[in-house]
Protein chains: 2
Amino acid sequence: MKQVDFFYFFGSVYAYLSVMRIGGLAAAAGVSIRWRPFNVRTVMKENNVALRTEALKVPYMWRDIERRAATHGLQFKPPPVWPTDPELLHNLTGTLAAAEGWGEAFTVSSFRAWIVDRMALGEMPTIEKVLQPLGKDPHSTIARAKSAATQKLYADETEAARSFGIFGSPSFVVDGELFWGDDRLEEAIAWAKGEHALQRATAKA
Amino acid sequence: MKQVDFFYFFGSVYAYLSVMRIGGLAAAAGVSIRWRPFNVRTVMKENNVALRTEALKVPYMWRDIERRAATHGLQFKPPPVWPTDPELLHNLTGTLAAAEGWGEAFTVSSFRAWIVDRMALGEMPTIEKVLQPLGKDPHSTIARAKSAATQKLYADETEAARSFGIFGSPSFVVDGELFWGDDRLEEAIAWAKGEHALQRATAKA
């Protein structure tokens, strides 16, 4: 089965749209998704991308996401806490979850808690609320999330993102082909199916 | 008839996609387009948006536009000259053309000359090639484009763009609602028709 590598950051607002949509799109297309949290802060800094200092982009972003969410039938109001996950605890827990095979469930629940339930990522009440229905003990899970092994895995995933030329979240990689932004998700899925217009044009040429 | 204000820069590569698509989309939707060249360089600088220093975004951009162009059935290869129009001569001529009612024809021909015929914007051979089929004398037209009146008009249009919160090219404004990027063009047209999902959700609420 063709695979889309889904690179995202717990705290990226546009990633919310993809987190809520990618499972359904992938299932309909017969494509598998690899859920890969990475540290977008490191990568943006290296590339001089600094959304928060781009004065007009931030208010535009909230409105744009509100419109895109409406188009996709998703709930959205600008989250009360942004930026969020200051110590990357939510990202580390997501990295552990992905390594242990429960990354999708943890991610979808976390973004829902953040955007719909208006909780802060990276704080214990939020993490506990997400972990309990998944049958994960908060304290032992957090201990594993903070371990040197998980921290190394998160750094390695960030390095993998960097190696694909990724500079923002969410990003999608299929056979080395990079797509950036929730608005490119359908293109990434089409690419995985070999049905993108550029693949067809190239095949004909 | 509902109107979309189309703000763009001669030299913005993503604007090429919109320039080639907006006429057909607007006609099909029964929406009118106001063609408004503006100085995106000024606005980006003020907002700390600096595409060329964002190391990974530029190669991504070329590939992304190539894919988007294929999706829309448009020719595209990264232009040999970019950035282009160093003295803004093409932008000033476009501003004059818009004021005199031949902005669309001048713009579409100019972007085709740049991307398809691989000529540089702002250079006399390119401007002459575009003006002649439009029945415009190059020398008197350029003189008017360089006049203080046209320069003031271009500055005023840039100020108008700024007043809408615009920070990049292409942008679309409908009833004060701002859309940024060629990938938001269909949304802007839908907004002009009152058929955007967020308008419908708001009307229901």
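Along each chain, the written sequence defines residue order, and numbers are assigned to residues from 1. All chains are assigned letters beginning at A, and all ligands numbers beginning at 1, according to the order in which they are written. Given that the model is predicted, a residue must reach a pLDDT of at least 70 before its local features are reported, and side-chain atom pairs must reach 80 or more before they are shown or counted; all residues, however, enter totals for whole chains, interfaces and linings.

### Let's talk about the overall build of chain A
Logical step 1: Per the secondary structure count, chain A includes 10 helices and 4 strands.
Logical step 2: When the helices and strands of chain A are read in sequence order from the N terminus, they spell out β-α-β-α-α-α-α-α-α-α-β-β-α-α.
Logical step 3: Put simply, the radius of gyration uses C-alpha atoms, and a globule should come to 2.2 Å times the residue count raised to 0.38. Relative to its length of 205 residues, chain A is compact, with a C-alpha radius of gyration of 17 Å against a globular reference of 17 Å.
Logical step 4: Any residue surrounded by 20 or more other C-beta atoms within 10 Å of its C-beta is treated as buried, while 12 or fewer makes it exposed and the intermediate range makes it partly exposed; C-beta atoms here are placed from the backbone. In chain A, which comprises 205 residues, the share counted as buried stands at 45%. Elements are defined by DSSP. Helices are runs of H or I of four residues or more, strands are runs of E of two residues or more, and each kind is numbered from the N terminus.

### What about the environment of Phe38 of chain B?
Residue and element names in this part refer to chain B.
Logical step 1: Mapping Phe38 onto the fold places it in the loop between β2 (32–37) and α2 (40–46).
Logical step 2: Separated by 130 residues in sequence, Phe38 and Gly168 have C-alpha atoms that sit 10.0 Å apart.
Logical step 3: Among residues more than four places away in sequence, those in contact with Phe38 are Phe7, Phe9, Glu157, Thr158 and Ala161. Residue pairs are scored as contacts if the distance between their C-beta atoms, which are placed from the backbone, is within 7 Å.

### Some words on the sheet that holds strand β1 (residues 3–8) of chain A
Residues and elements named next belong to chain A.
Logical step 1: DSSP bridges decide pairing: two strands pair if at least two such bridges lie between them. With respect to topology, 4 strands assemble into an open sheet ordered β2-β1-β3-β4, the strand pairing being mixed. Taken across any chain shown, the strands that pair with only one partner, and hence form the sheet edges, are β2 (32–37) and β4 (177–180). Between one strand axis and the next, the sheet turns through 20° on average, direction left out of account.
Logical step 2: Of the pairings in the sheet, the one linking β1 to β2 comprises 6 bridges and is parallel in character. Across the sheet, Val4 pairs through a bridge with Ile33, a residue of β2.
Logical step 3: Structural elements are reduced to axes, namely lines fitted to C-alpha atoms, with helices fitted over the stretch in contact, and the angle between N-to-C directions of any two is expressed from 0 to 180 degrees. Packing of helix α1 (residues 13–29) onto the sheet brings it into contact with β1 and β2, and relative to β1 it is tilted by some 165°.

### Structural notes on the pairing of strand β3 (residues 171–174) of chain A
All names here are of chain A.
Logical step 1: Residue alternation in β3 divides its side chains into two sets, Ser171 and Val173 and Phe172 and Val174, and both sets are buried.
Logical step 2: In the sheet, β1 pairs with β3 via 3 bridges, with the strands oriented antiparallel. Looking across to β3, one finds that Phe6 is bridged to Phe172.
Logical step 3: Pairing of β3 with β4, which is carried by 4 bridges, proceeds in the antiparallel orientation. What sits directly across from Ser171, in β4, is Trp180.
Logical step 4: As consecutive antiparallel partners, β3 and β4 are separated by 2 residues, and within that stretch Asp175 has a phi angle of approximately 50°, a positive value.

### Some thoughts on the sheet that holds strand β4 (residues 177–180) of chain B
Residue and element names in this part refer to chain B.
Logical step 1: Strand order in the open sheet made by the 4 strands is β2-β1-β3-β4, with mixed pairing throughout. If you trace the sheet from one side to the other, it starts and ends with β2 and β4, each paired once. Sheet twist, expressed as the average angle between the axes of neighbouring strands with direction ignored, equals 20°.
Logical step 2: On the sheet, helix α1 (residues 13–29) packs against β1 (3–8) and β2 and is oriented at approximately 165° with respect to β1.

### With respect to unusual backbone geometry
All names here are of chain A.
Logical step 1: In this structure, Pro170 follows Ser169 across a cis peptide bond, with omega equal to 0°.
Logical step 2: Mapped onto the elements of the fold, Pro170 is located in the loop between α8 (148–163) and β3.
Logical step 3: Not every positive phi belongs to a glycine, and Asp85 is a case in point at roughly 50°.
Logical step 4: Relative to the helices and strands, Asp85 resides in the loop between α3 (57–71) and α4 (89–100).
Logical step 5: A count of 24 C-beta atoms within 10 Å places Asp85 in the buried class.

### Details of the confidence of the model for chain A
Logical step 1: Chain-level statistics for chain A give a pLDDT mean of 94 and a share of 96% at 70 or above.
Logical step 2: The complex prediction reports pTM at 0.94, with the ipTM value standing at 0.92. Every residue carries a pLDDT, the predictor's confidence in it, which falls somewhere between 0 and 100.

### What about the environment of His72 of chain A?
All names here are of chain A.
Logical step 1: With respect to the secondary-structure elements, His72 resides in the loop between α3 and α4.
Logical step 2: When the C-alpha positions of His72 and Ser171 are compared, they lie 19 Å apart, and in sequence the two are 99 residues distant.
Logical step 3: Other than its neighbours up to four places away in sequence, His72 contacts Leu17 and Arg21.

### Topic: the packing of α1 of chain A against helix α5 (residues 103–116) of chain A
Residue and element names in this part refer to chain A.
Logical step 1: Direction vectors running N to C along α1 and α5 enclose 135°, while the axes themselves pass 10 Å from each other. The orientation of α1 with respect to α5, classified from their angle, is oblique. Crossing angle aside, the handedness with which α1 passes α5 is left-handed. Residues Tyr16, Val19, Met20 and Gly23 of α1 form the contact with α5, whose participating residues are Glu104, Thr107, Val108, Phe111 and Ile115.
Logical step 2: Side-chain classes are defined by residue name, with Ala, Val, Leu, Ile, Met, Phe, Trp, Tyr, Cys and Pro counting as nonpolar, Asp, Glu, Lys and Arg as charged, and the others, Gly among them, as polar. Residue composition of the contact of α1 with α5, by class: 6 nonpolar, 2 polar and 1 charged. By definition in this entry, angles of less than 35 degrees are roughly parallel, angles greater than 145 are roughly antiparallel, angles of 65 to 115 are roughly perpendicular, and the rest are oblique. Each crossing is labelled by how the near helix is turned from the far one, with a counterclockwise turn of less than a right angle marking it left-handed and a clockwise turn marking it right-handed.

### Section: the packing of helix α5 (residues 103–116) of chain B against helix α6 (residues 124–131) of chain B
Residue and element names in this part refer to chain B.
Logical step 1: The interhelical angle for the contact between α5 and α6, taken along N-to-C directions, is 135°, at an axis separation of 9 Å. As judged from the angle between their axes, α5 and α6 are oblique. The element α5 and its partner α6 pack so that their crossing is right-handed. Note on element contacts: α6 touches α5 through Thr126, Lys129 and Val130, opposite Phe106, Ser109, Ser110 and Ala113.
Logical step 2: By residue class, the composition of the contact of α5 with α6 is 3 nonpolar, 3 polar and 1 charged.

### A closer look at the environment of Val116 of chain B
Logical step 1: Topologically, Val116 of chain B is positioned in helix α5.
Logical step 2: Considering only alpha carbons, one finds Val116 of chain B and Pro78 of chain B, 38 residues apart in sequence, at a separation of 9.8 Å.

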